[in-house]
Amino acid sequence: MGIQRRHFLQTTGGLALAALMRAWPVEAAEKDFCVPDNPLQALMAGNRRFAEAWQRADQETKTTLRAADPDPRCFNSPRALATSQHPWATVLTCSDSRVSPSWVFDTTPGELFVIRNAGNTAFTEAIASVEYSVSILKTPLLMVMGHSGCGAVTAAMGTDPLTPSLDRLIQPIRENISGSSDLEEAVKRNALASASTLMQRSAVLADAKASGALKLVVGCFQLSSGVVTLIE
Ligand SMILES: [Zn+2]
């Protein structure tokens, strides 16, 4: 048992988590899974493949995204995935239908652990899910990703009346962007603030980052080009 997992168990209640770990036997056959040597390089290479296909499909109407990318890559076997998982990156991003991380990073089942809500906010549930991914599944890379044209950030910049639930959803974004009137800038500030919140509100994640077990990056996905740019 690694230091991070021990610390996680000590700080969050060992019994319940021990049961959780038995339910998902994550330590079985790690060698059977696709795990790149350099997760950030692999993530960005996947986005280059996606962006090229995205731009090609934009230019050539007969090209589809599905047919555009013949590059060989690793696929986890269904047999391995049926009993375990070894995702190599965690992504917190927006629920927007155009921002599906598995597509954006050209990955296959079992590679990314994804948390989504409209506006990619680090709510308590999102923090807990990231803690699970980092501490139990040991993903070495965490990306918080905003995107161009984000409806949640746009709503937070406006004054239109919202339902009580939507208002609660938007409130943290309002605080993160503090009066910004430029959507692109607001999207970046919101993503950076979500990353900061994850570190401030989770000792487990802050410790993992400090020890080098976790690399944290912040990205912005540009819908027009398909490109993810690292902003931190
Ligand atoms: Zn969005």
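Think of each chain on its own: its residues are numbered from 1, step by step along the sequence as written. Residue-level local features of this predicted model are given only where pLDDT is at least 70; pairs of side-chain atoms are given and counted only at 80 or more, and the full residue set underlies all totals for whole chains, interfaces and linings. Side-chain calculation: all heavy atoms of the structure are included, whereas hydrogens and water are not.

- Taking an unreviewed UniProt entry as the reference, the protein chain is identified by name as carbonic anhydrase belonging to Parasynechococcus marenigrum.
- UniProt positions are given in the numbering used here, feature names are shortened, and annotations may be inferred rather than shown by experiment. Of the protein chain, the UniProt comment under Catalytic activity (unreviewed entry) reads exactly: "hydrogencarbonate + H(+) = CO2 + H2O".
- Under the heading Sequence similarities (unreviewed entry), UniProt records this for the protein chain: "Belongs to the beta-class carbonic anhydrase family."

## Brief notes about the side chain of Asn190
Part 1: Helix and strand assignments come from DSSP, with helices taken as H or I runs of at least 4 residues and strands as E runs of at least 2, each series counted from the N terminus. By the element assignment, Asn190 lies in helix H10 (residues 183–201).
Part 2: In this structure the side chain of Asn190 is engaged in a polar contact, spanning 2.9 Å, whose partner is the side chain of Asn176.
Part 3: The contact criterion used is simple: two residues touch if any of their non-hydrogen atoms lie within 4.5 Å. Among all residues touching Asn190, those that are not within four sequence positions of it are Gly119, Asn120, Val153, Ile173, Asn176 and Ile177. Pairs of N or O atoms are called polar contacts if they sit within 3.5 Å, as long as, within protein, a hydrogen donor faces a hydrogen acceptor (for residues adjacent in sequence, only side-chain-to-side-chain pairs).

## Examining the pattern of salt bridges
Part 1: Salt bridges are defined by distance alone: a side-chain nitrogen of Lys or Arg within 4 Å of a carboxyl oxygen of Asp or Glu. This structure, assessed with the given rule, holds five salt bridges.
Part 2: Its salt-bridge partner being Asp106, residue Arg49 comes within 2.5 Å of it at the nearest N-O pair. Residue Arg49 is found in helix H3 (residues 39–59), and its partner Asp106 is found in the loop between helix H6 (101–104) and strand E2 (112–116); the two are separated by 57 residues along the sequence.
Part 3: We call a residue buried when its accessible area falls under 20% of the maximum for its residue type, exposed when it is over 50%, and partly exposed in between, using a 1.4 Å probe and counting protein chains only. Residue classification places Asp106 among the buried residues on the basis of a relative accessible area of 12%.

## Observations regarding unusual backbone geometry
Part 1: At Lys138, a position not held by glycine, the phi torsion is positive, near 60°.
Part 2: Structurally, Lys138 can be placed in the loop between helix H7 (124–136) and strand E3 (141–147).
Part 3: Assessed through its relative accessible area of 45%, Lys138 is described here as partly exposed.

## What about H7?
Part 1: Here H7 spans 17 Å end to end across 13 residues, near enough to the 18 Å set by a 1.5 Å rise per residue.
Part 2: The first or second residue beyond H7 is Lys138, which carries a positive phi of 60°. Working rule for helices: expected span equals 1.5 Å times residues minus one.

## What about the pairing of strand E1 (residues 89–93)?
Part 1: The buried fraction of E1 is high, at five of five residues.
Part 2: Side chains Ala89, Val91 and Thr93 project from E1 onto one buried face, and the interleaved Thr90 and Leu92 project onto a second face that is buried too.
Part 3: Of the pairings in the sheet, the one linking E1 to E2 comprises five bridges and is parallel in character. What sits directly across from Leu92, in E2, is Ile115.
Part 4: Two strands pair if DSSP finds at least two bridges between them. Here E1 runs beside E3; their pairing, made up of four bridges, is parallel. Pairing of Val91 across the sheet is with Met143, part of E3.

## Re the confidence of the model for the protein chain
Part 1: Note: pLDDT gives the predictor's confidence per residue, expressed from 0 to 100. Looking at the protein chain, the pLDDT average stands at 87 and 82% of residues meet or exceed 70.
Part 2: Scored below 50 in pLDDT, residues 1–20 shows 30 contacts in the model against residues more than four places distant or in partner chains.

## Observations concerning the UniProt feature "binding site: Zn(2+)" (unreviewed entry) in the protein chain
Part 1: UniProt tags Cys94, Asp96, His147 and Cys150 as "binding site: Zn(2+)" (unreviewed entry). These residues run over 57 residues, yet every pair of their C-alpha atoms falls within 8.9 Å of each other.
Part 2: Among the structural elements, Cys94 can be located in the loop between E1 and H6.
Part 3: Accessibility expressed as a relative area gives 5% for Cys94, which makes it buried.
Part 4: Among all residues touching Cys94, those that are not within four sequence positions of it are Val99, Arg116, Asn117, Ala118, Gly119, Asn120, Met145, His147 and Cys150.
Part 5: By secondary structure assignment, the location of Cys150 is in the loop between E3 and helix H8 (151–157).

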